Amino acid sequence: MRLHSLIGWPTLRLIAASFLMVIWGGAAYAYDFDFSYRQNRDVAVSLQPVTNAPSDQTCPEHAGLVQISTKIDLAEIGTITIEPNLPEILRAGRIDYGSGSYIDQNAAMDIEIDLLGCVFRQNFLPLNGQFTISGDYDVGRIADEAAVFVSNDNRRSSPKVDYQTHWSGLVHGFAPGEAVRIPGLLQDQIMGTLTLDLSRLDAPLTSDDRPVQLAMFSRLRLRFIVVSD
Amino acid sequence: MQTLTFFFLSLFLASSAHAENLRGRFLLVDGISIEQLIPVATEAAYECEAPSTPAQIVFSKILRPLDFDPTPFFQSSIRNQVTIRRSGQVEEGQSNGGFQASLLDRRPEIVRRAEATDVSLNMTLSLCAYGSLLDFVEAEYTLAGQIGNFRVDHHKTVGPGTESGLSISYTGRNWTSHDGGQFLQIPLFQHRTPNSIGIINLRLSIPDLPFQQIDGDAELLLDINTSHTFSNMIVVDAMDAKQ
């Protein structure tokens, strides 16, 4: 005897759908919080000459080895939005962080940039580097989560670094139709812009009263104004 | 009487467009094209510091209107000036006390837009090139053409300053090594041509660009906003460029 003749097609479909829901729910639960960062202010970074260059780092002829080594307060120049990543059925019962996305006003967050590259006049070639994220959020702490960048790495999940040389005209800021305004910086000093895309980075969240949870940065794009030292 | 008043009002609105500044945008039509980086002879008007040598990018694009009504550009100074008396009597050729009537194009908007413009942007970017590493010297451009009965011929030379309405940025994708070979090729995410040496992003905005009436002395102002990305840049040598 066949199964569908015993319990009927509608019931079978319901069972199949339930299985799919369980599988989908399990996949979506791979991380606990979705972090989304939005920058809204400009910040400058400077290219510094490297004095004691590592022997394995060379630049093309006529180009010089330089580094960007700095720590930037991300909470100061943007906002972080947190959304609990829960299946709908569990989300209804969660009231401690709210059931939807919210901006974490009290978040502390910074990034340490260590980037090595070559410079030829206004052109800059990022070679390799490391970006380290630390943060203190309502839902826990992220301690020194590092993302490693290598220039010819083409994988989707790896950090993307993009440099644009500025040739002419005004560099536009985050406010629509407005030029970049950074105290003490003239537009003429701008060499270019550096974009870092660390989206898809995940990091463990630790807290005193809860087991370790996982945060996923669905959006973590940063743009810096590059000036020469 | 009522009909006459309404008629007068509608004509007044039509002719008032003549006086106000016309706002609109131009969209640069982006066809698939390969922009050529042409090394220029040493007798070029400018010199480059070694190891760079002079190189130019020459391009030409047709501009199309994006969201403006070209109707006012069809105004003509040759008008029949008529005065209509309340009695219904029409007197021709008298300007005082009468009103001006202009011919309005009643064809569909899209047809008028297509026929309305014949404006092109020609630009030469003068650069210093060391492989794919480019330094900007200056940009020279001409925006010329006609919309209806109005003509524009705008010419400008722009240096690396911040004052102009021309914003240009560049990303070199191909660095050369000590021995002249390829040092590193950075992945190009939006590339169309695998051997493209880099990407140029260009944005031109000119507020209130005056268009002069061909058969009169009226002037219409138009905002020009256009942007273009060159992602298919290849290097050609001087021999190929001449052909």
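Check the entry above for the structure.
Residues numbered from 1 in each chain as written. Chains lettered and ligands numbered in written order. Predicted model: local features only at pLDDT ≥ 70, side-chain atom pairs only at ≥ 80, totals over all residues. Heavy atoms only, no water.

K.L.:
Sorry, what's going on with the side chain of Ser36 of chain A here?
P.N.:
Checked against the element boundaries, Ser36 of chain A lands in strand S1 (residues 33–39). If sequence neighbours within four positions are ignored, Ser36 of chain A has contacts with Thr79, Ile80, Thr81, Ser218 and Arg219 of chain A. (Helix = DSSP H or I, 4+ residues; strand = E, 2+ residues; numbered from the N terminus. Contact = heavy atoms within 4.5 Å.)

K.L.:
Explanation requested: the pairing of strand S12 (residues 210–228) of chain A in the structure shown.
P.N.:
Strand residues, when the strand is regular, have side chains that alternate between the two faces of the sheet. Residues and elements named next belong to chain A. Note: S1 against S12, five bridges, orientation parallel. Residue pairing for S12: Tyr37 is matched across the bridge by Leu220. The pairing of strand S2 (residues 44–49) with S12 spans four bridges and is classified as parallel. Bridge pairing in S12 links Val45 to Val226. (Pairing = 2+ DSSP bridges.)

K.L.:
What am I meant to see in the interface of chain B and chain A here?
P.N.:
By a widespread convention, an interface's size corresponds to the accessible area lost as its parts come together. Taken together, the contacts link 35 residues of chain B with 31 residues of chain A. When the two sides are added together, the surface that chain B and chain A hide from each other amounts to roughly 2,900 Å², 56% of it contributed by carbon and sulfur. The interface formed by chain B and chain A contains one salt bridge. One can count 16 residue pairs in polar contact (both at pLDDT 80 or more) joining chain B with chain A. Taken together, the elements giving at least two residues each to the side of chain B that touches chain A come down to strand S7 (117–130), strand S8 (133–147), strand S10 (166–172), strand S11 (174–176), strand S12 (182–185) and strand S13 (198–213) of chain B. Examining the composition of the side of chain B that touches chain A, we find that six residues originate from one element, S10 of chain B, more than from any other. Classifying every residue of the side of chain B that touches chain A gives 19 nonpolar, 12 polar and four charged. In this sheet, S10 of chain B lies alongside strand S9 (residues 160–168) of chain A in antiparallel orientation, the contact comprising three bridges. Across the sheet, the residue bridging to His166 of chain A is Ser169 of chain B, located in S10 of chain B. (Buried area = accessible area lost by both parts, 1.4 Å probe. Salt bridge = Lys/Arg side-chain N within 4 Å of Asp/Glu carboxyl O. Polar contact = N/O pair within 3.5 Å; in protein donor to acceptor, adjacent residues only side chain to side chain. Nonpolar A, V, L, I, M, F, W, Y, C, P; charged D, E, K, R; others polar.)

K.L.:
Could you clarify how one ought to interpret the pattern of salt bridges in this entry?
P.N.:
Side chains that carry opposite charge are capable of pairing whenever their charged atoms lie near each other. All names here are of chain A. Taken as a whole and judged by the stated rule, the model has six salt bridges over all chains. The shortest N-O distance in the salt bridge between Asp42 and Arg223 comes to 2.9 Å. Taken together, the positions of Asp42 in the loop between S1 and S2 and Arg223 in strand S12 put the pair 181 residues apart, joining distant regions of the chain. Given a relative accessible area of 13%, Asp42 falls into the buried group. Glu178 serves as the salt-bridge partner of Arg181, at 3.0 Å between the closest nitrogen and oxygen. (Buried < 20%, exposed > 50% of the residue type's maximum accessible area, 1.4 Å probe, protein only.)

K.L.:
Looking at this structure, how should I read the pairing of strand S7 (residues 123–137) of chain A?
P.N.:
Residues and elements named next belong to chain A. Burial analysis of S7 places 12 of its 15 residues in the buried class, the great majority of the element. One ladder, built from 13 bridges, connects strand S6 (residues 108–120) with S7; its direction is antiparallel. Within S7, the residue paired with Phe120 across the bridge is Asn123. Hairpin connection between S6 and S7: a loop of two residues separates the two successive antiparallel strands, and Arg121 in this loop has a positive phi of roughly 50°. Bridging between S7 and strand S8 (residues 140–150) involves nine bridges; their strand directions are antiparallel. The partner of Ile133 across the bridge, within S8, is Glu145. Between the end of S7 and the start of S8, which pair antiparallel, lie two residues.

In short, the description is geometric, and any link to function would need to be established separately.
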